[in-house]
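The lines below spell out each chain.
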Amino acid sequence: MSLLQKIEQAKQFIQSKLTDRAPRIGLVLGSGLGVLGDEVQNPVVIPYGEIPNFPVSTVAGHAGQLVIGDLSGQQVIAMQGRFHFYEGWSLEEVTFPIRVMKALGVEIILVTNAAGGINPEWNAGDLMLISDHLNLTGRNPLIGANEADLGPRFPDMSNGYDKGLRAKAHEIAKGLGIEIREGVYVGVSGPSYETPAEIRMFRIMGGHAVGMSTVPEVIVANHAGLKVLGITCISNMAAGILDQPLTHEEVMETTEKAKANFINLVKAIVKEV
Ligand SMILES: O=P(O)(O)O[C@@H]1C[C@H](O)[C@@H](CO)O1
Ligand SMILES: Nc1nc2[nH]cnc2c(=O)[nH]1
């Protein structure tokens, strides 16, 4: 079955479950950030395992279901749990939900993640708007034959994280009294965390936070002509900055602490975009 046929099959299955208007905004909720999905009103909840051609989540902190409904007066489709290349999924599988969101009529994607803070001046629990990314995964989800119906062979990435959406997000955060940083997200494959030497290299390269997701989804979202806003929860200080080991448990604990600001900010942004 072709990618187009797989997308159509998943789209029709999801549409068969919907009773309200099509979703305009897609939310990809990273480790420990799935709580935002619980804020969706009148939700239609579809476990990934029921959706044709969808992978399933295997990482702690990723529920593994689509939640479609009303958030701040907008119709949204939220991924409570995402897929990571390090889990063994292909990049086509990792980014398949983005293709399906586009097919359902989504125009804006809000991608969130938990990442390690590279800037030593920052703190675990900080929120960061993603201004741009460094794709250090060594891979690209668009490698292979280009499906012209999905997007161009060589998509432009010069506004990969939409400037207008970022300006609006800063304005909203200021109005809410939520301090938010802005920086470059370094995308790596994982699943091992970085060495201190790698973090020192990423800092020299201009990175501010490092994670194991987001980059493939954002490349495909841009290929599909979607506008992207990215928000990182700095869940820990990256390797070598503090004299302590890194654990996924710490990532989960920190996102739990940061969730109030995260939820308030994302709900306010969704209302305005
Ligand atoms: O899905 P995200 O990027 O939020 O998950 C982060 C990155 C790894 O998957 C995991 C490492 O703790 O958390
Ligand atoms: N690669 C990477 N991913 C993360 N996700 C949460 N924290 C980190 C980190 O320090 N490094």
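Residues numbered from 1 in each chain as written. Chains lettered and ligands numbered in written order. Predicted model: local features only at pLDDT ≥ 70, side-chain atom pairs only at ≥ 80, totals over all residues. Heavy atoms only, no water.

Colleague: Please clarify how the layout of surface pockets should be interpreted in this entry.
Modeller: Remark: the empty space left among the atoms is shown by a probe the size of a water molecule rolled over them. In this structure, the largest pocket occupies an estimated 300 Å³ of space. Surrounding the largest pocket, 24 residues form its lining, Ala 114, Tyr 193, Met 212, His 248 and Val 251 being those nearest its centre. Broken down by secondary-structure element, the contributors of at least two residues to the lining of the largest pocket are β5 (108-117), β8 (209-211), β9 (227-237) and α6 (248-272). Broken down by element, the residue count for the lining of the largest pocket peaks at four residues, all from β5. (1 Å grid on protein atoms, 1.4 Å probe; cavity = no way out; pocket = protein on both sides within 12 Å on 5 of 7 lines; lining within 4 Å. Points joined across faces, edges and corners; volume = space filled by probe spheres on them. Helix = DSSP H or I, 4+ residues; strand = E, 2+ residues; numbered from the N terminus.)

Colleague: I'm lost on the site of ligand 2 in this one. Help?
Modeller: Near ligand 2 you find 13 residues, and of these Ala 114, Gly 116, Glu 194, Ser 235 and Asn 236 are the closest. Here a nitrogen atom of ligand 2 sits 3.2 Å away from a polar atom, N or O, in the main chain of Ala 114. One nitrogen or oxygen atom from the main chain of Gly 116 is found 3.4 Å from a nitrogen atom belonging to ligand 2. Counting only elements with at least two residues in the shell around ligand 2, the list comes to β5, β8 and β9. No other element matches the three residues that β5 contributes to the shell around ligand 2. (Near = heavy atom within 4 Å. Polar contact = N/O pair within 3.5 Å; in protein donor to acceptor, adjacent residues only side chain to side chain.)

Colleague: Explanation requested: the pattern of salt bridges in the structure shown.
Modeller: Where charged atoms from two side chains of opposite charge approach closely, those side chains can pair. Per the stated rule, a full pass over the model turns up 11 salt bridges. The closest approach of N and O atoms between Glu 107 and Arg 24, which form a salt bridge, is 3.3 Å. On the criterion of sequence distance, the pair formed by Glu 107 in the loop between α2 (91-104) and β5 and Arg 24 in the loop between α1 (3-17) and β1 (25-29) is long-range, its members being 83 residues apart. Taking the relative accessible area as the measure of exposure, Glu 107 reaches 44% and is therefore partly exposed. Residue Arg 24 is classed as partly exposed on the basis of its relative accessible area of 25%. (Salt bridge = Lys/Arg side-chain N within 4 Å of Asp/Glu carboxyl O. Buried < 20%, exposed > 50% of the residue type's maximum accessible area, 1.4 Å probe, protein only.)

Colleague: Just checking my understanding: could you explain the site of ligand 1 for this structure?
Modeller: Contacts to ligand 1 come from 13 residues, most closely from His 84, Tyr 86, Tyr 193, Ser 213 and His 248. With respect to ligand 1, the side chain of His 84 contributes an N or O atom lying 2.7 Å from an oxygen atom. A distance of 2.5 Å separates an oxygen atom of ligand 1 from a polar atom in the side chain of Tyr 86. When atom positions are compared with the pocket grids, ligand 1 is found to occupy the largest pocket. Within the shell around ligand 1, the residues separate by chemical class into five nonpolar, seven polar and one charged. (Sits in = over half its atoms within 2 Å of the grid points. Nonpolar A, V, L, I, M, F, W, Y, C, P; charged D, E, K, R; others polar.)

Colleague: How do you make sense of the environment of Met 252 when you look at a structure like this?
Modeller: Tracing the sequence through the fold places Met 252 in helix α6. Residue Met 252 is classed as partly exposed on the basis of its relative accessible area of 25%. Taking the C-alpha atoms as reference, Met 252 lies 9.7 Å from Asn 236; in sequence the two are 16 residues apart.

Colleague: Is there a simple way to think about unusual backbone geometry in this case?
Modeller: The general pattern is negative phi for most residues beyond glycine and trans for most peptide bonds. A cis geometry characterises the amide bond from Gly 190 onward to Pro 191, with omega recorded as 0 degrees. Along the chain, Pro 191 falls in the loop between β7 (180-187) and α4 (196-204). Unusually for a residue other than glycine, Asn 42 sits at a positive phi of about 45 degrees. Examined against the element boundaries, Asn 42 turns out to sit in strand β2 (residues 41-47). Phi angles above zero are rare outside glycine, and Ser 72 is one such case at about 55 degrees. Mapped onto the fold, Ser 72 is located in the loop between β3 (65-71) and β4 (74-80).

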